[in-house]
Amino acid sequence: MHFDEIVARLRERFGDLVGEADEPDPARPSLLPGVFVRADSVTDVCRFLHDEPAMAFEHLSCITGTDFKDSIHLAYVMTSYVHRQVIALKVKLDRDDPSIRTVEEIWATANWNEREIYDLLGVYFEGHSDLRRLLMPDDWVGHPLRKDYQEQPDYHEIPTTRENPLGKY
Amino acid sequence: MVEEMNSPRVIEAGLEGGPGQGAVLWGKASYLLNLSRKHSLWYLLFATACCGIEMMQTGGPRTDLDRFGMVFRASPRQSDLMLVAGTITYKMADRVKLLYDQMAEPKYVIAMGSCASCGGLFQKSYSVLKGVDLIVPVDLYLPGCPPRPEALNDAMMKMQDIILSEDWRRKMTEKTEPRPQMGRGGILKRA
Amino acid sequence: MENALNKQAVSDDLMILNMGPQHPSTHGVIRFVITGDGEVMQRAVPHVGYLHRGIEKLAEGLPYPSFVPFTDRVDYLAAMFANHGYAMAVERLLGIEVPRRAEYLRVIVSELNRIASHLIGVGAMAMDIGAFTPFLHGIREREKLNDIIEELCGARLTYNYIRVGGVSFDFPQGLDAKIRAFLDTFEPLMEEFDRLITVNEILVKRCANVAVIDAETAKSYGLVGPNLRGSGVDWDLRRDLPYSAYPDFEFNVCLGRGFRGTLGDAYDRFIVRVQEMQESVKIIRQALDGLPEGEIKGKLPRKLKPAKGEAYGAVESARGELGYHVISDGTDKPYRVKIRAGSFNATSIVEHASRGLMIADLVVLIASLDVIAPEIDR
Ligand code: SF4
């Protein structure tokens, strides 16, 4: 199914919960097409995309969290085995208190993906079964993938910088 | 071996008799002890990242560290040499120190690759330890990203030279005493 | 770490066992906390992040072409794929075409690299089970491949060969004959390898019916590559979302069939890897035969400044879909690079798949998933 048709189907089903969708760029035909939906509808839309036979996005490739300085975007990149297609479903979150429902029940892999985003970007996932830091140590300060992240001067009394031996020349 | 004996560092040691005649090796006890230590250097299989693959290949059929009497051990308690092969992150740093502490004296550390030496490619990263000498004392730095097996081989031979040239008793006492000045003061405080 | 241990409610007769991060069978620095009732595991919870090097963050501070060397470190056993995925994503973002010759060279080196990676994968699996010799056989063959690739690009492990817009070097004279010679010796060696290990009764007994992952679970956990195909799901990016020069070649997609037991067990995943090496040999031969003449690098502007947009480039790496989601904001540095790697999903399934396994079978499970730490942690 073409991306436009997917968006049309989504609009028909979810009305104005569906936001803007990417326009095709004739000079760059193989960009990743994405469509925004309202954050509170994400589980319903994902369930629809996963279950509907005409879409059948059975494979969640990844969830990309990006800090856009005024908001945080999550992009659910999903692949359909049957229709051989990759699309992105995007949501916009408030940067100060980002929170969204988990999609763990739909794709089990979301569990770790969401933990990673919680760890690196500080997004809270409601209903998540085991929301802990995934990559950084438990006592780490801050969320490194945020654009304004400040590194601490030391961690467990190990300095986080090393002087450049060539610096004095 | 004969060359080693002729080197200026080693005095009062020698080999008498030739092949087939029942040779006698004589020298200072510390020299003979060092000689045996040098030829049974067991290294800790401690591969964290890409350099670890080169370490595996060095142990593999082509470079074959076995011929130096070096075999890998998976347990720190049986090894003499810690080869820090790869990137050490802060999350891993505590464990590296723990592994080092578990090794029996006398013990040596080679920082293999630029990551272990100074952070290397990941110097600007928020989560990578900028050099393993901030947490454990390092005897030998091996540059490269990754170092070739030949380079690692050479480093191992240099390590053997170091072992041969020192008094093993002094080495032991030196290292069992706390060394707060090691690295640049970045020693881990143990709770 | 301590909180994680405390969190698990433990009754008196359960045992908690820690495995890793420094353990020879965890394939890198991964840690498993095993809750077991005697020899039977209730679950093994993976703890990752011991090799989290912040590669995604580093990408945000680097111009597009300068990030390629970092991608090598995402998957050091098969760095060509990691280069390729990133190059593809940026090419899509720029909307440029890559010359045919470069695409063919990419396919050849990728498939050589797949063989090299699978050799370690199956060799290490055999080693974890207790057979040391196959590993040395694998390493020996891998050295030959390293020589070939070294002659091509000067590096043994971290190639930095596939660049945005093409590849960095053309074939030196005579390399093509060397590759053919390698393939000619490799094929009979595969049979030797088969006799040594694949049909070895001990290996079969250790792997068959162990750690079965059914197709639904595999899909839900987002398994990719040989792990997914081992569960019988017919999906290969090379064929299904074709990229590079793959549509030009004939090859089979190897699937698990329950060769010696249940569909989706550790033995199936092992066999899929062994068969894939043979398929790679086929592809390389075809690519060498049809190698077109021409440029090896497309026309690129001096400074890469893709317009605003997002692209996703995924390749079928030795460990499955290795994808780069690159977001551009119109400057010469990527705004965000997200790396999606197969081992991440493969590790996340361990907690599910380890239920009810014996502790000794955990290493079989991990080895059969062929996980590699930097892909999990990046
Ligand atoms: S020095 Fe280079 S090859 Fe070695 S671990 Fe670091 S990045 Fe990898």
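Reference entry: report on the structure contained in this document. Fair warning: this is a prediction, and the values are worked out from it, not measured in the lab.

**Let's talk about the sheet that holds strand 8 (residues 334-340) of chain C**
Residue and element names in this part refer to chain C. The strand order across the open sheet formed by three strands is 6-7-8, and the pairing between neighbours is antiparallel. Every other strand in the sheet has two partners, leaving strand 6 (309-317) and strand 8 as the edge strands with one partner each. Mean inter-strand twist for the sheet, computed between neighbouring axes without regard to direction, equals 15°. Sheet topology places strand 6 next to strand 7 (residues 320-328); nine bridges connect them, and they run antiparallel. Within strand 7, the residue paired with tyrosine 312 across the bridge is histidine 325.

**Some details on the layout of surface pockets**
Each pocket or cavity is described by its volume, and for the second largest pocket that value is around 780 Å³. Taken together, 40 residues make up the lining of the second largest pocket; nearest its centre are B:Leu45, B:Met56, C:Pro24, C:Met127 and C:Phe135. At the level of secondary structure, the elements contributing two or more residues to the lining of the second largest pocket comprise helix 3 (50-59) of chain B together with helix 5 (100-129) and helix 6 (133-153) of chain C. Class assignment of the residues belonging to the lining of the second largest pocket gives a composition of 25 nonpolar, 10 polar and five charged.

**Examining the interface of chain A and chain C**
By convention, interface size is frequently given as the accessible area that disappears when the constituent parts associate. Listed as interface residues are 44 residues of chain A and, on the opposing side, 47 residues of chain C. The largest contributions to the chain A side of the interface with chain C come from A:Arg28, A:Tyr81 and A:Trp112, which together make up 19% of the buried area. Here chain A and chain C share six salt bridges between them. A salt bridge links C:Asp240 to A:Arg84, with the nearest nitrogen and oxygen atoms 3.2 Å apart. On inspection of chain A and its partner chain C, the count reaches 20 residue pairs in polar contact (both at pLDDT 80 or more). For the side of chain A that touches chain C, the secondary structure elements donating two or more residues are strand 3 (59-67), strand 4 (71-80), strand 5 (85-94) and helix 3 (110-121) of chain A. Looking at which element gives the most residues to the side of chain A that touches chain C, the answer is strand 3 of chain A, with nine residues. Its residues assigned to classes, the side of chain A that touches chain C shows 21 nonpolar, 11 polar and 12 charged.

**Topic: the packing of helix 2 (residues 29-38) of chain B against helix 6 (residues 149-165) of chain B**
All names here are of chain B. Their axes nearest at 8 Å, the elements helix 2 and helix 6 cross at an angle of 160°. The orientation of helix 2 with respect to helix 6, classified from their angle, is roughly antiparallel. Crossing of helix 2 against helix 6: the hand is right-handed. Here helix 2 contributes Tyr31, Asn34, Leu35, Arg37 and Lys38 to the contact with helix 6, which in turn contributes Gln160, Ile163 and Leu164. Class assignment for the residues of the contact of helix 2 with helix 6 results in four nonpolar, two polar and two charged.

**With respect to the pairing of strand 5 (residues 81-85) of chain B**
Residues and elements named next belong to chain B. Of all five residues in strand 5, five are buried; the element is thus mostly enclosed. Neither face of strand 5 is exposed, since Leu81, Leu83 and Ala85 on one face and Met82 and Val84 on the opposite face are all buried. Sheet topology note: the strand 3 (residues 43-44)/strand 5 ladder contains two bridges and is parallel. The partner of leucine 44 across the bridge, within strand 5, is methionine 82. Both strand 5 and strand 6 (residues 108-112) contribute to a ladder of five bridges, which runs parallel. Counted as the bridge partner of valine 84 is alanine 111 from strand 6. With helix 4 (residues 90-102) bridging strand 5 and its parallel neighbour strand 6, the resulting β-α-β unit is right-handed.

**Side note on the pattern of salt bridges**
Close approach of charged atoms allows side chains with opposite charge to pair. Scanning the model with the defined rule gives 55 salt bridges over all chains in all. Across the pair B:Arg148 and C:Glu150 runs a salt bridge, and its minimum N-O distance is 2.5 Å. Of this pair, B:Arg148 sits in the loop between strand 7 (140-142) and helix 6 while C:Glu150 sits in helix 6, placing the two residues on different chains. Assessed through its relative accessible area of 32%, B:Arg148 is described here as partly exposed. Salt bridges sharing partners connect three or more residues here, namely C:Glu111, C:Arg114, C:Arg229, C:Asp236, C:Arg238, C:Glu276 and C:Glu316.

**As for the interface of chain C and chain B**
Taken together, the 37 residues of chain C in the interface contact 34 residues of chain B. Between chain C and chain B, roughly 3,000 Å² of surface is buried when both sides are summed, and carbon and sulfur atoms account for 65% of that area. When residues of chain C are sorted by the area they lose upon contact with chain B, C:Gln22, C:Tyr50 and C:Arg53 head the list and together hold 21% of the total. In this assembly, chain C and chain B are joined by four salt bridges. Of the charged contacts in the structure, one is a salt bridge between C:Arg156 and B:Glu54, with a shortest N-O distance of 2.8 Å.

Parameters at a glance
- Throughout this document, residue positions are counted from 1 along each chain, in the order its sequence is written.
- Labels are handed out in written order, letters beginning with A for the chains and numbers beginning with 1 for the ligands.
- Confidence filtering applies because this is a predicted model: local features only for residues at pLDDT of at least 70, side-chain atom pairs given and counted only at 80 or more, and all residues used for totals across whole chains, interfaces and linings.
- Hydrogens and water molecules were not included; the side-chain quantities draw on all heavy atoms of the structure.
- A strand pair is defined by DSSP finding two or more bridges across the two strands.
- Only DSSP runs of H or I with at least four residues qualify as helices, and only runs of E with at least two residues qualify as strands; both kinds are numbered from the N terminus onward.
- To get an axis, fit a line to the C-alpha atoms, keeping to the stretch in contact for a helix; angles then go from 0 to 180 degrees between the N-to-C directions.
- Detection works on a 1 Å grid of protein atoms alone, calling trapped sets that fit a 1.4 Å probe cavities and calling open sets with protein on both sides within 12 Å along at least five of seven lines pockets, with lining residues defined by an atom within 4 Å of a point.
- Grid points are joined across faces, edges and corners, and a volume is the space filled by probe spheres set on the points.
- Any residue outside Ala, Val, Leu, Ile, Met, Phe, Trp, Tyr, Cys, Pro, Asp, Glu, Lys and Arg is labelled polar, Gly included; the first ten of those are nonpolar and the last four are charged.
- Between two residues, a contact is recorded if the distance between any of their heavy atoms is within 4.5 Å.
- Two parts placed together each lose some accessible area under a 1.4 Å probe, and the buried area is that loss summed for both.
- Salt bridge, as used here, is a side-chain nitrogen of Lys or Arg placed within 4 Å of a carboxyl oxygen of Asp or Glu.
- Polar contacts, as counted here, are pairs of nitrogen or oxygen atoms within 3.5 Å of one another; within protein the pair requires one atom able to donate a hydrogen and one able to accept it, and residues that are adjacent in sequence qualify only if both atoms are side-chain atoms.
- An angle below 35 degrees is read as roughly parallel, one above 145 as roughly antiparallel, one from 65 to 115 as roughly perpendicular, and any other as oblique.
- By convention, the crossing between two helices is left-handed when the near helix turns anticlockwise from the far helix through less than a right angle, and right-handed when the turn is clockwise.
- Each residue's exposure class comes from its accessible area (1.4 Å probe, protein chains only) as a fraction of the maximum for that residue type: buried when under 20%, exposed when over 50%, partly exposed otherwise.
- Crossovers are described as right-handed under a simple rule: with the strands pointing away from the observer, the path leading from the first strand over the helix to the second runs clockwise.

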